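If you want the building blocks of each chain, they are given just below.
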Amino acid sequence: MFKLLMAHMHGRARWCFFLAPAVMLVEVFSDLQQPTLMSDIIDHGLAKGDLNFVIRTSLLMLMFALIGVAAGSAAGILGNYASLHMGQKLRSHMLTVALNSRAAGGLTPATLITRITNDVTQMQNLVMMVTRGMVRAPMLMLGGMVMAVIVSPRLAPILLIIMPLLAVFILVVMKHSIPLYTHMQQQVDGMNRVMRENLQGAKTIKAYTLEDHQLTQFNQANADLLDSSIRASLATVPLSPIIQLALNLGVVVALAYGGQLDVNGVILDGQIIAFVNYMIQITNAMVMTVNIITAFSRAITSAARVQAVLAEATGEVPVGTAGNAPSGSAITFDHVTFGYQQSRPILDDITFTVPAGQWLGIIGTTGSGKSSVINLLTRAFDDYQGVIEVGGVDIQHLDLAALHHKVTVATQEAMLFSGTIASNLRFGAPEADQAQLTAGATVAAATSFIDPLPAQYEAPVEQSGKNFSGGQRQRLNIARAAVPDADILVLDDATSAVDQTTNAAIQAQLTKTRRQRTTVIISQRVTNIMHCDEILVLEEGRITAAGSHDALIKQSPFYAQLVQTQLGGGRYDD
Amino acid sequence: MMINRRGPRRLHQEKVQLTNWRQTTRRILGYLGFAKGRLLVVFGLTVFTTAATIIGNRVNGVVIDQFLTRAKLPLLFIICGLLAGMYALSSVFTYFQNAVIIKVAQQASARIRHDIFANLQRLPMRYFDTHDNGDVMSRLTNDVDNINTAMMQTFVQLFTGIISVIGMGAAMLILSPLLTLIALLSSGVTYLVTRAVAKVTQQAFVTQQQALGELNSQIEENVSGKQVVQLFDHQAATLAKFDATNETYTNAAFRAQAFSSILGPINNATNNVAYLLITFVGAWSILAGRGGITVGVIFTFLIYLRNFTGPINNILDLVNTLQLSLASAERIFEVIDAPREQDRADAVAVTTTQGNVTFDHVDFAYDTRPILHDINLTAKAGQMVALVGETGAGKTTIMNLLTNLYPLKHGRVLLDGQDVAAIRRADLRRLITVVQQEPFMFSLSIKENIRLGRATASDAEVVEAAQNAHADGFIRQLPAGYDTVLTENAHNLSQGQRQLLSIARAFIAKAPVLVLDEATASIDSNTEADVQHAMTALMQDKTSFVIAHRLSTIQHADQILVIDGGRVIERGTHEQLLAQNGAYTQLYNSQFDQA
């Protein structure tokens, strides 16, 4: 964990990180002077009636108080600087890794987001703690003990008995309570899940009158949570009264024992008072330590979660060796096999060629591997067998950036970004002028809803594009892929939320503007791919038929059946 | 002696607008009513522990003074023994006090959560349309947490705090009015410094919060849209924008937090200076020979001071916490008080229906925005009615009215001649099964998910329904078969598989009226033919309403209604509509022309 922190603190931040505890020592030192000075006032000033001594010592105390506040503030500021700049670096690093790593590494976007936001905050808090509490608490504790022993060695045995006992007790309580808190957190998650599902599935619940069923589920989760949180909280309840008791008993013993010594003239009143004050400081430091340990254990979990994200950085994107991108735009898959399990590959021995400027359609059921073809073409994964070429060059030798300028994809999920319509359309072509934007929007039949907007292309897009309907988002998604006017355009099931009329309009526009662009269309719908020069039928990762629409109707029973169900006849009459 | 366990003072909260805090407080207290007796006992214990602290410390002071006067020793041991006993008792009381309060607060929180959920359950559909899920979730979680914290702190800190402050204040005043004045001054200074710092950092905190919101939404958006960022080679631009926001945030946060991080040391220093002043003034008085102040008095006073300023600071903090929690309480009561979807007083129980459905001049509006205009429709028992039209035309909305999810603006919807608004909702919805466009699966087993259609269905019936829906095949291939537990949002199934499960759910419900809202949209083409078969079987002898984009699936409907802009613009059979050569023909051609 220390390595992780160091890796994200450089220059000034690192200086601050190490300087803060050092400055903190000054504050601790000043704090520790106060009780001794006070005891001096009582034992030397008061006892001897020396007013000058009282004034001098008081001024000394004031000086230490001021040094204390200066050092404490400085340590706080230094710690803040280190922690915030560490957080800044770490966030930026994590987002860079997240955006560049190709495989998701099994992390869902939701988890990734939590890790970049909440867990980084936890790490920031950790730095604050390390720079302040981690030094302050143990030092106060240790320094307090040393000072107590120096001031009144006779009373020291009291400390030596009480403090270890207390420390053991605290450790036992913490060891017992941490698993209980973990268990409670699981119950919290469980209750949240029931709640979330209830909100998301509100319509289903109403449709099937599941209100009572859901309430039972919730009551169970709620009762579990109540039970586990009471148990977890109760486990730590003894801490504070026991620490109080230890302190109070310590004081009583100090008075009784010290009082006896005092009477015998061995010890002075001021020493007893100072001793009691040190005991208070020490127990306070113990409570602080407990809080720090709790926070620390939370930070360790966060650090592990952060590190898991950063580990994605290994296996980074290779740099291309082919130099320039190829000028051609033909696509070739040569005996490509891909999949995690050898026995059940996702794609099995796929071979096809799309000559430059031609249209390829891919049709198949969900899970047949259609999208995997595109994932491999855009190098989302590299661990396939066989060769994939674009313009006659093996894509393994191409820069990812060069490849992505060559091939633009309208993805299945129409993800938009906050900004404006124009900023979204310029995603793949930052320099695109208005004419290019309009051309892209035209291909996607999106002008019909962009033009009536008051700000047109400058109309704001909210987070994830939620101020547009599903169909509108998909059209902007297609427009975004069309704006760069790349040599190869891929539509990956990109019109599923678009109604039939608009869909037909998009198809018509694509045909009108096809020129020399190589186009790949993936769909479950026959109407979307039937005009392609060549259509591949994918079933369970294999190409089971290939050819034109007319040829496939005769050759492929699967395709013929699709045509039958989707286009004609219907099946209700048999 | 009390140990002060105080977190950093909360400096800035969102400006809280409390509309009716008196009533809100009363209602929150109402949730504690069940524990009245226990809380009263806790109050008594608190009085005792505070008194013990006051007495104990005074006795300590007296003991110290006796050393100076060389008093008799035997008494010392007796006094110390008594003190030890009192402290032990006091610690035991503190333990019970905290344990009871934690338990009571948790129980009250659980009750509040229950009330939120129970009401949320019965809210009308409109509520879910107009409220963000995240916002409602945060009321159940964060806001309840806030109240829980407030309840625990209020009792522990406000009660003990007030008693301490009064007790210690009185004890201090009796001991020495002069020293008390100094103590009060130091508390005042601390308070003023805090206020001043808060004022200076206010703007920086606002900037920090704004930048943080912006930062988080950028992270969220770009991580979710990672695939697109990569495909368009947009990482550099994205990160540049992010780094700028990140920088703004860090700078604002540093300005805000650096200032407030000096608060702790300043508090510490004012305390130290107060001790110093008290020691100095005390010593001066003793030397000057003024009566009343002894070393023991100074000793006692210093400890009283600790127990005086600590609670005062806590109570000042508590004002913020209480404000925040009252705001939370109001947000919670908004959900608890939201009007439920209630059956009309004259609503009747209906157990069976023939399935005759009539829409009679139905108008519908969301608030003031009109959606449906003059919808008329008659479906005789056993008929199949299809609704076609573009996305957003109002097809789904019409069907929502059939199950009385929303109130009509005008007109009536009748089931067997009975106004659906006058039928108990639970009955109505049992008679009409809706297979939604985006069916929802719960994180239960597949078997339980199907059984949600009818709670009394046997395992054999579940399997039969799955077979009818052509879901049996893929279910059996899953590792645990019908007992496979779905992950949240059923991410372990494809969308098509979720659709099949929802059709199985409809099979098991055996309702006489069926609504299929684009039910086959996501089923892959391969199985679609089979599912259409199954649906034909499902619709057998039932009145059915089918919403479809693909016209091939509804050509044999008894009636087809073409919906556009919330109106029925054409109606008839497939052949009749084609003969009209209107909107339906156009829609039909757009799908088949290209063939």
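Worth saying up front: this structure is predicted, and the values here are computed from it rather than measured.

### Topic: the sheet that holds strand E8 (residues 543-547) of chain B
Residue and element names in this part refer to chain B.
Stage number 1. Pairing is mixed in the open sheet, where six strands are placed in the order E6-E7-E8-E3-E9-E10. Two strands lie at the open edges of the sheet, namely strand E6 (432-435) and strand E10 (567-572), each paired on one side alone. Neighbouring strand axes in the sheet, compared pairwise and without regard to direction, differ in orientation by 15 degrees on average.

### Things to note about the domain arrangement of chain B
Stage number 1. Per the domain assignment, the segments of chain B are domain 1 (16-175 + 315-341), domain 2 (177-291) and domain 3 (357-592).
Stage number 2. Here domain 1 of chain B and domain 2 of chain B have C-alpha centroids that lie 26 Å from each other.

### Some remarks on the environment of threonine 484 of chain B
Residue and element names in this part refer to chain B.
Stage number 1. With respect to the secondary-structure elements, threonine 484 resides in the loop between helix H15 (472-477) and helix H16 (495-509).
Stage number 2. Separated by 39 residues in the primary sequence, threonine 484 and serine 445 have C-alpha atoms spaced 5.2 Å apart.
Stage number 3. With residues up to four places along the chain from it excluded, the contact list for threonine 484 reads Ser445, Ile446, Leu478 and Pro479.

### Side note on the sheet that holds strand E1 (residues 331-338) of chain A
All names here are of chain A.
Stage number 1. If you trace the four strands from one edge of the open sheet to the other, you get E2-E1-E4-E5, paired in antiparallel fashion. At either end of the open sheet lies a strand with only one pairing partner, and these are strand E2 (347-354) and strand E5 (393-394).
Stage number 2. In this sheet, E5 lies alongside strand E4 (residues 385-390) in antiparallel orientation, the contact comprising two bridges. Bridge pairing in E5 places valine 390 opposite valine 393.
Stage number 3. Relative to E1, helix H11 (residues 370-377) is tilted by about 115 degrees, and along the sheet it contacts E1, E2 and E4.

### A few points about the interface of chain A and chain B
Stage number 1. Each side of the interface is counted separately: chain A has 129 residues, and chain B has 130 residues.
Stage number 2. With 24 residues, the single largest contributor to the side of chain A that touches chain B is helix H3 (residues 51-100) of chain A.
Stage number 3. Across the side of chain A that touches chain B, the residue classes break down as 59 nonpolar, 57 polar and 13 charged.

### Considerations on the packing of helix H2 (residues 11-48) of chain A against H3 of chain A
Residue and element names in this part refer to chain A.
Stage number 1. In the contact formed by H2 and H3, the axes pass within 7 Å of each other and the chain directions differ by 160 degrees. On the basis of their axis angle, the class for H2 and H3 is roughly antiparallel. Considering the relative orientation of H2 and H3, their crossing is left-handed.
Stage number 2. For the contact of H2 with H3, the per-class residue count stands at 23 nonpolar, 10 polar and three charged.

### Here we look at the pairing of strand E9 (residues 488-492) of chain A
All names here are of chain A.
Stage number 1. Of all five residues that make up E9, five are buried, and the element is covered over most of its length.
Stage number 2. Residues Ile488, Val490 and Asp492 point to one face of E9 and Leu489 and Leu491 to the other, with burial holding for every one of them.
Stage number 3. With four bridges connecting them, strand E6 (residues 407-410) and E9 associate as parallel partners. Bridge pairing links valine 409 to valine 490 in E9.
Stage number 4. Examined bridge by bridge, E9 and strand E10 (residues 518-523) share five bridges and lie parallel to one another. The partner of aspartate 492 across the bridge, within E10, is isoleucine 522.

Rules used throughout
Residues numbered from 1 in each chain as written. Chains lettered and ligands numbered in written order. Predicted model: local features only at pLDDT ≥ 70, side-chain atom pairs only at ≥ 80, totals over all residues. Pairing = 2+ DSSP bridges. Helix = DSSP H or I, 4+ residues; strand = E, 2+ residues; numbered from the N terminus. Axes fitted to C-alpha atoms, helices over the stretch in contact; angles between N-to-C directions. Domains from an automatic or database assignment. Contact = placed C-beta atoms within 7 Å. Nonpolar A, V, L, I, M, F, W, Y, C, P; charged D, E, K, R; others polar. Parallel < 35°, antiparallel > 145°, perpendicular 65-115°, else oblique. Left-handed = near helix turned anticlockwise from the far one by under 90°. Buried ≥ 20, exposed ≤ 12 C-beta atoms within 10 Å, placed from the backbone.

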